[in-house]
Amino acid sequence: MLVLAIETSCDETSAAVLRTPEMGTLTSGSCPPSVEMGTRPPKLGTAQEGGTKGTGPHSEAAAPEILSNVILSQDEVHAPYGGVVPELASRQHIKTIAAIVGEALTRAGVELPAIDLYAVTQGPGLIGSLLVGLSFAKGLAYYHRKPLIGVDHLEAHLEACFLENPAIAYPSLGLLVSGGHTALYLKEEPLTYKLLGKTRDDAAGEALDKIAKFLGLGYPGGPVIEKLAKGGDPKAFPFAVPRTKDHSLDFSFSGLKTAALKLIRENGIAKDGPRLPDFLASFEEIVARSLVDHVRAAADQVQPRSLILCGGVARNTRLRTRFQDYARRAGIDAYVPSPKLCTDNAAMVGAVAIKRFGARPELEPDLDLDAFAR
Ligand code: KG4
Ligand code: ZN
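Residues numbered from 1 in each chain as written. Chains lettered and ligands numbered in written order. Predicted model: local features only at pLDDT ≥ 70, side-chain atom pairs only at ≥ 80, totals over all residues. Heavy atoms only, no water.

K.L.:
Break down the side chain of His-93 for me, with residues and values.
P.N.:
By the element assignment, His-93 lies in helix H2 (residues 86-108). Of the polar contacts made by the side chain of His-93, one reaches the backbone oxygen of Cys-10; its length is 2.7 Å. (Helix = DSSP H or I, 4+ residues; strand = E, 2+ residues; numbered from the N terminus. Polar contact = N/O pair within 3.5 Å; in protein donor to acceptor, adjacent residues only side chain to side chain.)

Put into structure tokens, the structure is as follows:
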């Protein structure tokens, strides 16, 4: 089975073609129940029913093959503003979506009539951006009379790990760290998710982006901070690990951001100043330590058999290292997707759709499938 997936939730236009492991084995009952078209995908945050156990043909033991995964970043469009400008993002998606889908098909060596299933990010994200991908996918699915599955963007980030490691053991504890979200999930079996804690204010990526913007370092902030922090002393500046007062598994990064701004002013940290690498290394270190502290606290509570780190910030080497160091000490298997699968991409969207798809040949694309912002 061939799947064409589209992702336009924020500032990346992406399309991917995936092939399921055993073509033609997708028979009724072998897969988790499909999402009714025209409805919202099961929302992350509450325990969801509906997964397969065991080792059927589409269990987590076999991953789909990524034939192509084309990603066009809009960084250059938004960089002058120090953050994503929603109106510019949707306009850019409109300009590029046809070419990106075409490129994904070409690289996969596949033509549209061969696609069996369409997948598209439904939300959360920027409504204008989501609607571009959603409308494009609906048009294709409608014209070719093929099923269309709407996918939750956060679920797709968590799924990215399974594309490279399909046999990850359950229960799995997932830390999702992106520009818009920072949350911990417990995945007890395929397609089931339970929210354990989330940020009460800024997401970790947002905090990195805001500090970079304040220092005039450019957008997105995470990669530029990582680059400029190289060689800096991570202990040079005295940041305290942020904690929520009730010691829940929720995160909070706004206090850390305020502390960082205070240190910048007090110590005259500037874009070209000599102490910039030390300051950025200290800030990066405290963000990574805070995230891993939460993983440790959650793991103590839920005793997972595996750990997952995902989302754009998971590209960060310091965070990956701290995360893997902790996992090694705790004796738990840890998984982090390769960098390309951490940031927004359509392959992870297709991966969720494949798991959700049940053999429903009578299914018609439903033009009511709607985008959701949060
Ligand atoms: O998952 P993602 O591509 O988009 C959202 O769904 O938000 O994540 C984007 C975030 C941005 O905040 C960006 O600064 C951060 O990921 N990021 C990084 C790195 N690469 C991207 N943060 C730290 N280090 C990196 N190397
Ligand atoms: Zn994302």
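K.L.:
Which residues make up the site of ligand 1, and what are the values?
P.N.:
Around ligand 1 there are 19 residues in total, and Gly-179, Asp-209, Gly-222, Glu-226 and Gly-312 lie nearest to it. Contacts to ligand 1 include His-153, whose side-chain N or O atom sits 3.3 Å from an oxygen atom. In this structure, a nitrogen atom belonging to ligand 1 sits 2.7 Å away from a side-chain N or O atom of Glu-226. Surface burial for ligand 1 is 90%, taken as the share of its 550 Å² of free accessible area covered by protein chains. (Near = heavy atom within 4 Å. Areas by Shrake-Rupley, 256 points an atom, 1.4 Å probe, with all protein chains shown as cover.)

K.L.:
Please set out the coordination of the zinc ion (ligand 2) residue by residue, giving values where relevant.
P.N.:
At the metal site, the zinc ion (ligand 2) is ligated by His-153 (NE2), His-157 (NE2) and Asp-344 (OD), and these contacts range over 2.0 to 2.1 Å. The coordination sphere of the zinc ion (ligand 2) comprises four donor atoms, whose angles at the metal cover 94 to 141 degrees; the geometry is irregular. Of note, the donors binding the zinc ion (ligand 2) are all from one chain and are spaced H-x3-H-x186-D. Of this pair, His-153 sits in helix H4 (residues 153-164) while Asp-344 sits in the loop between helix H10 (339-342) and helix H11 (347-356), placing them 191 residues apart in sequence. Note on His-153: relative accessible area 6%, which makes it buried. (Donors = N, O, S within 2.8 Å, 3.2 Å for Na, K, Ca; no water. Tetrahedral: all angles 85-135°; square planar, octahedral: opposite > 155°, others 65-115°. Buried < 20%, exposed > 50% of the residue type's maximum accessible area, 1.4 Å probe, protein only.)

K.L.:
Describe in detail unusual backbone geometry, supporting the description with residues and values.
P.N.:
With an omega of -5 degrees, the peptide bond between Gly-123 and Pro-124 qualifies as cis. Residue Pro-171 follows Tyr-170 across a cis peptide bond; omega there is -5 degrees. As for its placement among the helices and strands, Pro-171 is situated in the loop between H4 and strand S6 (172-177). Within the chain, Leu-191 stands out as a residue other than glycine whose phi angle is a positive 65 degrees. Relative to the helices and strands, Leu-191 resides in the loop between strand S7 (182-187) and strand S8 (194-198). Phi is positive for Gln-303, which is not a glycine, with a value near 50 degrees. Structurally, Gln-303 is set in the loop between helix H8 (276-302) and strand S9 (306-310).

K.L.:
Would you mind going over the environment of Leu-130 in detail, with residue names and values included?
P.N.:
With respect to the element layout, Leu-130 can be found in helix H3 (residues 127-144). Linking Leu-130 and Cys-10, residues 120 residues apart in sequence, is a C-alpha distance of 7.4 Å. Among all residues touching Leu-130, those that are not within four sequence positions of it are Thr-8, Ser-9, Thr-121, Gln-122, Gly-123, Pro-124, Gly-125, Ala-371 and Phe-372. (Contact = heavy atoms within 4.5 Å.)

K.L.:
Give a detailed account of the packing of aromatic side chains, specifying residues and quantitative values.
P.N.:
Per the stated rule, a full pass over the model turns up six aromatic pairs. For the ring pair Phe-237 and Phe-279, a centre distance of 5.5 Å and an interplane angle of 80 degrees mean the geometry is edge-to-face. Here Phe-237, found in the loop between helix H6 (221-229) and helix H7 (254-267), pairs with Phe-279, found in helix H8; they are 42 residues apart in sequence, far enough to count as distant. We note that Phe-237, like Phe-279, is buried. An angle of 15 degrees between the planes, with centres 6.3 Å apart, marks the rings of Phe-251 and Phe-253 as stacked. Here a set of aromatic residues connected by ring pairs shows up, and it is made of Phe-237, Phe-239, Phe-279 and Phe-283. Its end group placed over the ring of Phe-162, Lys-187 keeps NZ or CZ at 4.9 Å from the ring centre. If you follow Lys-355 out to its NZ or CZ, it ends over the ring of Phe-162, 4.6 Å from the centre. (Phe/Tyr/Trp six-rings, centres within 6.5 Å; stacked < 30°, edge-to-face > 60°. Lys NZ or Arg CZ within 6 Å of the ring centre and 35° of its normal.)

K.L.:
Any chance you could break down the nonpolar core for me, citing the residues and the numbers?
P.N.:
Note that soluble globular proteins tend to have their nonpolar side chains buried in a common cluster. Grouped together as the largest cluster of nonpolar side chains are 50 residues, with contacts concentrated most on Leu-215, Phe-239, Phe-279, Phe-283 and Leu-291. Of the residues forming this core, the biggest block, 13 residues, is contributed by H8. Setting aside residues up to four positions removed in sequence, Phe-279 forms contacts with Ile-211, Leu-215, Phe-237, Phe-239, Ala-260, Leu-263, Ile-264 and Ile-269. (Core = buried A, V, L, I, M, F, W, Y, C linked by side-chain atoms within 4.5 Å.)

K.L.:
Break down the environment of Phe-279 for me, citing the residues and quoting the values.
P.N.:
Phe-279 gets classed as buried once you look at its relative accessible area, which sits at 0%. Spatially, the C-alpha atom of Phe-279 lies 7.5 Å from that of Pro-234, the residues being 45 residues apart in sequence.

K.L.:
Could you give an account of the environment of Thr-199, with specific residues and numbers?
P.N.:
By the secondary structure assignment, Thr-199 is in the loop between S8 and helix H5 (204-214). Among the residues examined, Thr-199 registers a relative accessible area of 14% and is labelled buried. Separated by 17 residues in sequence, Thr-199 and Thr-182 place their C-alpha atoms 5.6 Å apart. In this view, Thr-199 contacts Thr-182, Phe-251, Ser-252 and Phe-253; residues no more than four positions away in its chain are not counted. Of note is the side chain of Thr-199, whose polar atom sits 2.6 Å from the backbone oxygen of Asp-202.

K.L.:
Describe the sheet that holds strand S1 (residues 2-7), naming the residues involved and giving the relevant values.
P.N.:
The five strands lie next to each other as S3-S2-S1-S4-S5, forming an open sheet whose pairing is mixed. Two strands close off the open sheet at either side, each with one partner strand: strand S3 (65-73) and strand S5 (148-152). Looking at each pair of strands side by side, their axes are set apart by 20 degrees on average, direction ignored. Pairing of strand S4 (residues 117-123) with S5, which is carried by five bridges, proceeds in the parallel orientation. Counterpart to Gly-123 in the pairing with S5 is Asp-152. Along the sheet face, H2 touches S1, strand S2 (12-19) and S3 and points at about 25 degrees away from the line of S2. (Pairing = 2+ DSSP bridges. Axes fitted to C-alpha atoms, helices over the stretch in contact; angles between N-to-C directions.)

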